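# Tertiary structure, described
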Amino acid sequence: MDWPIAEVARMSGVTARTLRHYDETGLLPPARIGTNGHRYYEERQLLRLQQILVLRALGVGLPEIGRILSEQVDEVDALRGHHQRLLAERDRLDALAGTVSRTIAELEQSRKDGNSMTINRPENLFEGVAPSQYEENMRDFPELAEEIGRRAVTMTQADADAAHRERTAQMIRLAELMAAGHPADADPVQAEINAQYRALTELRAVSAETYRAIGRSIVDNETWRTAYEAIAPGLAAYQRDAIETYATTRLN
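Quick summary incoming for the structure in this document.

Calculation criteria
Residues numbered from 1 in each chain as written. Predicted model: local features only at pLDDT ≥ 70, side-chain atom pairs only at ≥ 80, totals over all residues. Heavy atoms only, no water. Helix = DSSP H or I, 4+ residues; strand = E, 2+ residues; numbered from the N terminus. Buried < 20%, exposed > 50% of the residue type's maximum accessible area, 1.4 Å probe, protein only. Areas by Shrake-Rupley, 256 points an atom, 1.4 Å probe, with all protein chains shown as cover. Axes fitted to C-alpha atoms, helices over the stretch in contact; angles between N-to-C directions. Parallel < 35°, antiparallel > 145°, perpendicular 65-115°, else oblique. Contact = heavy atoms within 4.5 Å. Nonpolar A, V, L, I, M, F, W, Y, C, P; charged D, E, K, R; others polar. Pairing = 2+ DSSP bridges. Expected span 1.5 Å × (residues − 1). Arc of directions from axis to C-beta. Phe/Tyr/Trp six-rings, centres within 6.5 Å; stacked < 30°, edge-to-face > 60°. Core = buried A, V, L, I, M, F, W, Y, C linked by side-chain atoms within 4.5 Å. Salt bridge = Lys/Arg side-chain N within 4 Å of Asp/Glu carboxyl O.

For the protein, the helix and strand inventory stands at 12 helices and 3 strands. Every one of the 252 residues in the protein was classed for burial, and the buried ones make up 38%. Carbon and sulfur atoms make up 52% of the accessible area of the protein, which totals about 13,800 Å².

Structure follows, in structure tokens:
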């Protein structure tokens, strides 16, 4: 039995464009290509796609995934390895949830006391945070994801950690603006969005429509949405709306 690319996209949540990209790069060739030019996938390809998505969720870049899959021999052994990685990721998310919970409690107490928040151990803010998650969130934008992956290979761990801390800080600044009652089209919010857009265009040109799609993905991509909502409920939609405003008013 085989399934057309549209059905595989529906089942897996991966866009057909991404599946075609995986084929073009040799990561996931289809079982066959029909006379109509459509790609078809069998169970073996679905199992390989599952492994790709598990590794992507664990923050592994596409070049490294290709290397891992090319060296695999036994699928059961491979799945055991993925299972261990997922258990480790569960532990990391538990640590991250605890980190965010502590930060919320400290912020709320500081506001009640009328004082600025004092962080005695700044490293606690980033416990459980994995910098590699950013590339995974760009999975529906393969050109950007590939560029991020290429740059990540040349970055030291310290550089990667610093970049992720800055992205986290951007999310926190937006959360503070949202909590202060600023609408998504307010100047301070749009200034934050502009900084994020400029950082993206340093990697690759980003059109207004692509930037809108990235904004929508912040809500539609479960991993991305969860990261935003862990900081503040409603933050993912707030970022999406701010990006929509920015793309309409500054990029069109």
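Helix α12 (residues 235-251) packs onto helix α11 (residues 222-231) with a crossing angle of 110° between their chain directions and a minimal axis gap of 7 Å. Overall, the two elements α11 and α12 adopt an arrangement that is roughly perpendicular. Contact with α11, carried on its side by R225, Y228, E229 and I231, involves L235, A236 and Q239 of α12 and no other residues of that element. A breakdown of the residues in the contact of α11 with α12 according to their chemical character gives 4 nonpolar, 1 polar and 2 charged.

Okay, the sheet that holds strand β3 (residues 39-41) next. Strand order in the open sheet made by the 3 strands is β1-β3-β2, with antiparallel pairing throughout. What marks the edges here is a single partner per strand, and that holds for β1 (3-4) and β2 (32-33). As judged from the 2 bridges shared by β1 and β3, these two strands associate in the antiparallel manner. Each residue of the ladder has a partner; that of W3, found in β3, is Y41.

A few words on helix α9 (residues 187-201). The terminal C-alpha atoms of α9 lie 21 Å apart, and with 15 residues this matches the ideal 21 Å at 1.5 Å per residue to within 8%. Among the residues of α9, those classed as buried are V189, Q190, E192, I193, Q196, Y197 and L200. Looking straight down α9, one finds its buried side chains confined to an arc of 155°; they lie on one side.

With that settled, the discussion passes to the side chain of R212. If you trace the backbone, R212 turns up in helix α10 (residues 208-220). Setting aside chain neighbours within four positions, we find R212 in contact with I243, E244, A247, T248 and N252.

Below, the discussion takes up helix α2 (residues 16-24). Note: α-helices contain 3.6 residues per turn, so residues at a spacing of three or four share the same orientation. Of the positions making up α2, those classed as buried are T18, L19, H21, Y22 and D23. Positioned one or two residues after α2, G26 has a phi angle of 85°, which is positive.

Another point: the packing of aromatic side chains. Within this structure, the stated rule accounts for 3 aromatic pairs. Centre to centre, the rings of Y197 and Y211 are 4.9 Å apart; their planes meet at 55°, and the pair counts as tilted. Here Y211 lies in helix α10 and Y197 lies in helix α9, a separation of 14 residues in the sequence. Like Y197, the residue Y211 is buried in the burial classification. Consider the rings of Y211 and Y246, whose centres lie 6.0 Å apart with planes at 80°: the pair is edge-to-face. Separated by 35 residues along the polypeptide, Y211 in helix α10 and Y246 in helix α12 bring together distant segments of the chain.

Here the focus is the nonpolar core. Within the largest apolar cluster, 24 residues are counted, with the highest numbers of intra-cluster contacts made by L174, V189, I193, Y211, Y228, L235 and Y238. Sorting the residues of this core by element identifies α8 (157-179), α9, α10, α11 and α12 as the ones contributing at least two each. When residues of this core are assigned to their parent elements, the largest contribution, 6 residues, is made by α12. One finds A9, Y22, L27 and Y41 within the second-largest nonpolar core, a separate group that totals 18 residues.

Here we take up the side chain of Q170. By secondary structure assignment, the location of Q170 is in helix α8. By relative accessible area, which is 13% here, Q170 ends up buried. Not counting residues within four places of it along the chain, the set of residues in contact with Q170 comprises E192 and Q196.

With their axes 10 Å apart at the nearest point, α9 and α12 run at an angle of 80° to one another. Our classification of the angle between α9 and α12 gives roughly perpendicular. Contacts between α9 and α12 involve V189, Q190, I193, N194, Q196, Y197 and R198 on the former and, on the latter, Y238, Q239, A242, I243, T245, Y246, T249, R250 and L251. Across the contact of α9 with α12, the residue classes tally to 8 nonpolar, 6 polar and 2 charged.

As enumerated under the stated definition, the model contains 8 salt bridges in all. Put simply, R212 and E209 hold a salt bridge, and the shortest N to O gap is 3.7 Å. Linking R212 with E209, this pair stays in helix α10, spanning 3 residues, or about one helical turn. On the accessibility criterion, E209 (44% relative accessible area) is partly exposed. With a shortest N-O distance of 3.1 Å, D241 and R240 are connected by a salt bridge. Exposure remark for D241: the relative accessible area of 34% places this residue in the partly exposed category.

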